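Analysis of the macromolecular model
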2 protein chains.
Amino acid sequence: MSIRIGIVGYGNLSRGVESAVRQNDDLELCAVFTRRDPESLKIRTQGVPVVSVNEIEGWKDKIDVLVICGGSATDLPEQTPKYASMFNVIDSFDTHAKIPQHFENVDRAAKAAGKVGIISIGWDPGMFSLLRMVSTAVLPEGKNYTFWGKGVSQGHSDAIRRIEGVVDARQYTIPVQSAVDAVRSGETPDFTARQQHLRECFVVAEEGADKARIEKEIKEMPNYFADYDTTVHFISAEELKAEHSGLPHGGFVIRSGKTGFDKENKHIIEYNLKLDSNPEFTGSVIAAYARAAYKLNSEGVCGCKTIFDIPVSYLSALSPEELRRTLL
Amino acid sequence: MSIRIGIVGYGNLSRGVESAVRQNDDLELCAVFTRRDPESLKIRTQGVPVVSVNEIEGWKDKIDVLVICGGSATDLPEQTPKYASMFNVIDSFDTHAKIPQHFENVDRAAKAAGKVGIISIGWDPGMFSLLRMVSTAVLPEGKNYTFWGKGVSQGHSDAIRRIEGVVDARQYTIPVQSAVDAVRSGETPDFTARQQHLRECFVVAEEGADKARIEKEIKEMPNYFADYDTTVHFISAEELKAEHSGLPHGGFVIRSGKTGFDKENKHIIEYNLKLDSNPEFTGSVIAAYARAAYKLNSEGVCGCKTIFDIPVSYLSALSPEELRRTLL
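Residues numbered from 1 in each chain as written. Chains lettered and ligands numbered in written order. Predicted model: local features only at pLDDT ≥ 70, side-chain atom pairs only at ≥ 80, totals over all residues. Heavy atoms only, no water.

Least-squares fitting of chain A to chain B yields an RMSD of 0.0 Å, with the transformation described by 0.0 Å of translation along the axis and a rotation of 180°. Here the two chains are linked by the operation of a two-fold rotation axis. A shared binding surface is used by both copies, with 100% of the interface residues of chain A retained as interface residues in chain B. (Least-squares fit on C-alpha atoms with pLDDT ≥ 70 in both. Contact = heavy atoms within 4.5 Å.)

Residues and elements named next belong to chain A. Pairing between strand E10 (residues 197-205) and strand E11 (residues 229-234): 6 bridges, direction parallel. Looking across to E11, one finds that Cys 201 is bridged to Val 232. Once you follow E10 into helix H8 (residues 211-219) and on to E11, the crossover reads as right-handed. (Pairing = 2+ DSSP bridges. Helix = DSSP H or I, 4+ residues; strand = E, 2+ residues; numbered from the N terminus. Right-handed = clockwise from strand over helix to strand, strands pointing away.)

A word on the sheet that holds strand E10 (residues 197-205) of chain B. All names here are of chain B. Here 4 strands make up an open sheet; going across it, the order is E8-E9-E10-E11 and the pairing mixed. The sheet is open, and its two edges are formed by strand E8 (151-152) and strand E11 (229-234), each paired on a single side. Of the strands in this sheet, strand E9 (166-175), E10 and E11 touch helix H8 (residues 211-219), which is tilted by about 150° from E11. (Axes fitted to C-alpha atoms, helices over the stretch in contact; angles between N-to-C directions.)

With that out of the way, let us pick up the confidence of the model for chain A. Across chain A, the average pLDDT comes to 97, with 100% of residues at or above 70. Both scores are given for the predicted complex: the pTM is 0.96, the ipTM 0.97. (pLDDT = per-residue confidence, 0-100.)

Bringing the sheet that holds E10(A) into the picture now. Residues and elements named next belong to chain A. Reading across the sheet, the 4 strands line up as E8-E9-E10-E11 and stay open at both edges, with mixed pairing between neighbours. Of all the strands in the sheet, the pair left with one neighbour each is strand E8 (151-152) and E11. By the bridge criterion, 9 bridges tie strand E9 (residues 166-175) to E10 in an arrangement that is antiparallel. When the sheet's bridge partners are listed, Ile 174 is paired in E10 with Leu 198. In this fold H8 packs onto E9, E10 and E11, with an angle of close to 150° to the strand it touches most, E11.

A few words on the interface of chain A and chain B. Facing 69 residues of chain A, the contacting portion of chain B comprises 69 residues. Across the interface of chain A and chain B, roughly 6,100 Å² is buried in total on both sides, 63% from carbon and sulfur atoms. Per-residue buried area on chain A facing chain B is highest for A:Gln23, A:Phe261 and A:Leu328; these three make up 15% of the total on that side. Here chain A is connected to chain B by 0 salt bridges. Our count for the contact surface shared by chain A and chain B stands at 28 residue pairs in polar contact (both at pLDDT 80 or more). (Buried area = accessible area lost by both parts, 1.4 Å probe. Salt bridge = Lys/Arg side-chain N within 4 Å of Asp/Glu carboxyl O. Polar contact = N/O pair within 3.5 Å; in protein donor to acceptor, adjacent residues only side chain to side chain.)

In the segment running from A:Asp124 into A:Pro125, the intervening peptide bond is cis, with an omega of 0°. Summarising the element assignment, A:Pro125 is placed in the loop between strand E6 (116-118) and helix H4 (127-138). Cis geometry is adopted by the peptide bond preceding B:Lys150, which originates at B:Gly149 and carries an omega value of 0°. Tracing the chain through its elements places B:Lys150 in the loop between strand E7 (142-148) and E8. Its identity is not glycine, yet A:Ser120 carries a phi of approximately 60°, on the positive side. Along the polypeptide, A:Ser120 turns up in the loop between E6 and H4.

Residue and element names in this part refer to chain A. Mapped onto the elements, Leu 76 comes out in helix H2 (residues 75-84). When the C-alpha atoms of Leu 76 and Asp 94 are compared, they prove to be 9.7 Å apart, with 18 residues separating the residues in sequence. With near-sequence residues (within four places) excluded, Leu 76 lies in contact with Ile 68, Gly 70, Gly 71, Pro 81, Asp 91, Ser 92, Phe 93 and His 102.

Applying the stated criterion to the full structure yields 14 aromatic pairs over all chains. Ring geometry for B:Trp123 and B:Phe128: centres 5.3 Å apart, planes at 75°, overall edge-to-face. Classification of B:Trp123 by relative accessible area gives buried; the value is 7%. Taken together, the ring pairs connect A:Tyr145, A:Phe147, A:Phe191 and A:Phe252 into an aromatic cluster. If you follow B:Lys150 out to its NZ or CZ, it ends over the ring of B:Tyr172, 5.0 Å from the centre. A cation sits over an aromatic face here: B:Arg199 above B:Tyr228, 4.1 Å from the ring centre. (Phe/Tyr/Trp six-rings, centres within 6.5 Å; stacked < 30°, edge-to-face > 60°. Buried < 20%, exposed > 50% of the residue type's maximum accessible area, 1.4 Å probe, protein only. Lys NZ or Arg CZ within 6 Å of the ring centre and 35° of its normal.)

Evaluated as defined, the whole model comprises 0 disulfides over all chains. Cysteine B:Cys30 shares no disulfide, and the gap to the nearest cysteine sulfur, in B:Cys69, comes to 15 Å. (Disulfide = S-S within 2.5 Å.)

Residues and elements named next belong to chain A. For Arg 170, the position within the fold is in strand E9. Asp 168 provides the closest opposite charge to the buried, salt-bridge-free Arg 170, at an N-O distance of 5.4 Å. Of note is the side chain of Arg 170, whose polar atom sits 2.9 Å from the backbone oxygen of His 244. When residues no more than four places from it in sequence are discounted, the contact partners of Arg 170 are Val 152, Ser 157, Arg 161, Glu 200, Cys 201, Phe 202, Leu 240, His 244, Ser 245, Gly 246 and Leu 247. (Lys, Arg positive; Asp, Glu negative; His and termini not counted.)

Following the sequence through the fold, B:Val285 ends up in helix H10 (residues 278-298). In sequence terms B:Val285 and B:Cys304 are 19 residues apart; their C-alpha atoms lie 17 Å from each other. Leave out the neighbours within four places in its chain, and B:Val285 touches A:Val138, B:Ile121, B:Gly122 and B:Met127.

As structure tokens, this is what we get:
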């Protein structure tokens with residue numbers, strides 16, 4: 001008997017989850033819920049119904065874990081607590097500053113319903129958080145560094161697209177190599193944003209648009225670009241499609257710490273991801289934690305959980321005995 | 001109130017644990033237990049008693065977690081179950097093939113006593129196991145690689161020292177760079193032992209010893225060296241002390257996997273350790289899991305646990321709220 005998965009939404013991340021579910025024999029996609037007209041939406045997996053979110057309550061006994069693939073700004077703060085009152089749920093909420101509030105809301109709803117809600121799953125927050133936390137506990141005297149890229153930032157790409165005269169854009173976040181080398185060698189510098197990451201933009205402008213003005217608007221955009229060394233390349237729509245249509249990403253978390261009676265020994269822990277597809281990897285992490293949500297709830301656990309609260313054995317389809325025999 | 005730690009044994013690993021305990025404000029070293037004459041043993045931490053292991057039972061109410069630093073071949077299979085009947089215990093049992101049996105023995109003793117026993121903690125088994133397991137669950141279609149080094153293998157160094165005419169020796173395990181590069185690039189080759197690691201030996205020979213014979217004995221030693229490309233350097237005792245007295249180690253676990261409806265996207269997860277001191281890093285991992293043993297038992301948990309069974313939040317002195325706010 002498979003674990004029955006439902007997905008809310010059908011963007012890049014949902015398709016990543018859909019693809020991941022197919023790679024796990026014990027998971028089965030049972031429905032995709034949409035705010036659009038279900039008739040208008042065609043999904044990749046044959047035979048799986050597309051259902052209006054308005055009908056989701058009727059699926060309470062037909063779904064074991066609901067994966068909520070909305071945006072962190074407005075969708076998830078509302079959706080995750082709401083659906084946690086009906087289903088075991090999982091999301092990839094990534095507004096770090098608002099995690100405590102989101103946790104409380106999901107915890108209250110999930111406990112009242114006797115369900116499990118797992119929040120902030122993916123790679124950052126997610127796998128990077130796990131590694132930051134474990135490495136900090138293991139090397140209490142030290143410093144954490146997180147580098148992102150080289151990869152496409154969808155938020156920064158969207159910000160460029162909102163500028164007048166821009167047809168399309170793709171933004172790459174790139175670690176500064178000298179900063180990476182310093183940290184890997186055991187130095188523990190303090191970096192400004194500019195010293196740690198570069199931003200490279202590929203922009204398709206409207207015909208006749210003022211490229212100098214667009215470039216200036218990008219480079220001076222507060223929060224997104226003003227604090228970074230940013231380069232802007234204007235290219236054709238064809239070139240953007242041919243060279244920049246993927247969603248690769250990655251990055252690394254490094255903890256640099258010291259041990260010894262005289263703090264004489266240095267240690268570097270690095271966790272490094274190179275991802276051809278950001279949404280498919282994120283979807284794969286979510287699929288493993290969806291399994292955990294089901295297993296936890298089957299044991300009577302309820303409430304909100306994060307990646308810090310869940311024994312990793314719950315991520316696997318293997319039994320504890322098999323895990324000890326093959327992977328310990 | 002601190003978590004009261006006891007250590008059995010006083011070799012390199014014990015000193016690593018002793019050093020780690022000093023770096024954690026909520027841990028306190030209360031006693032070191034030895035099979036030697038306690039009078040003959042001087043430890044680094046002032047004011048902490050050295051006690052004969054024969055008197056260990058009298059410390060049942062004075063120690064929260066006992067760290068057992070014996071060898072995996074003969075000490076731990078006997079000691080860990082024995083002491084799990086009196087204390088929460090933790091060990092670094094590393095004979096992979098015998099973990100299932102060791103788990104059963106510790107589980108039985110710990111459950112009978114209402115204690116927690118955590119086994120096989122360190123970096124391999126330990127952190128590397130955690131990463132292998134999580135990465136395998138996240139990318140179910142893929143392949144795991146473990147590279148060790150560059151670092152000192154104490155077992156291989158000891159094996160050389162047992163050869164006639166050898167005064168002292170130090171063996172470095174070194175990953176083959178072309179193998180590393182292939183795996184990092186996303187290839188998934190099958191390696192022989194020889195294709196994945198080199199062995200480099202620094203040997204101090206007795207005056208007048210037959211160096212050619214020693215070199216031949218090393219290179220042909222079954223299990224340890226025969227399956228590897230091994231280089232042997234004869235050096236002076238002074239040079240060994242000056243250049244090779246540390247115990248650096250490290251290595252990396254890589255999972256190479258694929259996702260996508262047509263398996264068209266590659267992903268590389270790498271966890272990489274560069275350690276100036278193998279025993280101090282291992283001791284630091286053990287210290288964090290000693291905290292977990294205490295916290296688990298305080299909640300009424302008992303029995304044998306591995307790194308797969310313990311939520312990582314238990315490793316930290318921070319509260320779940322603080323962890324969510326600062327590290328998620």
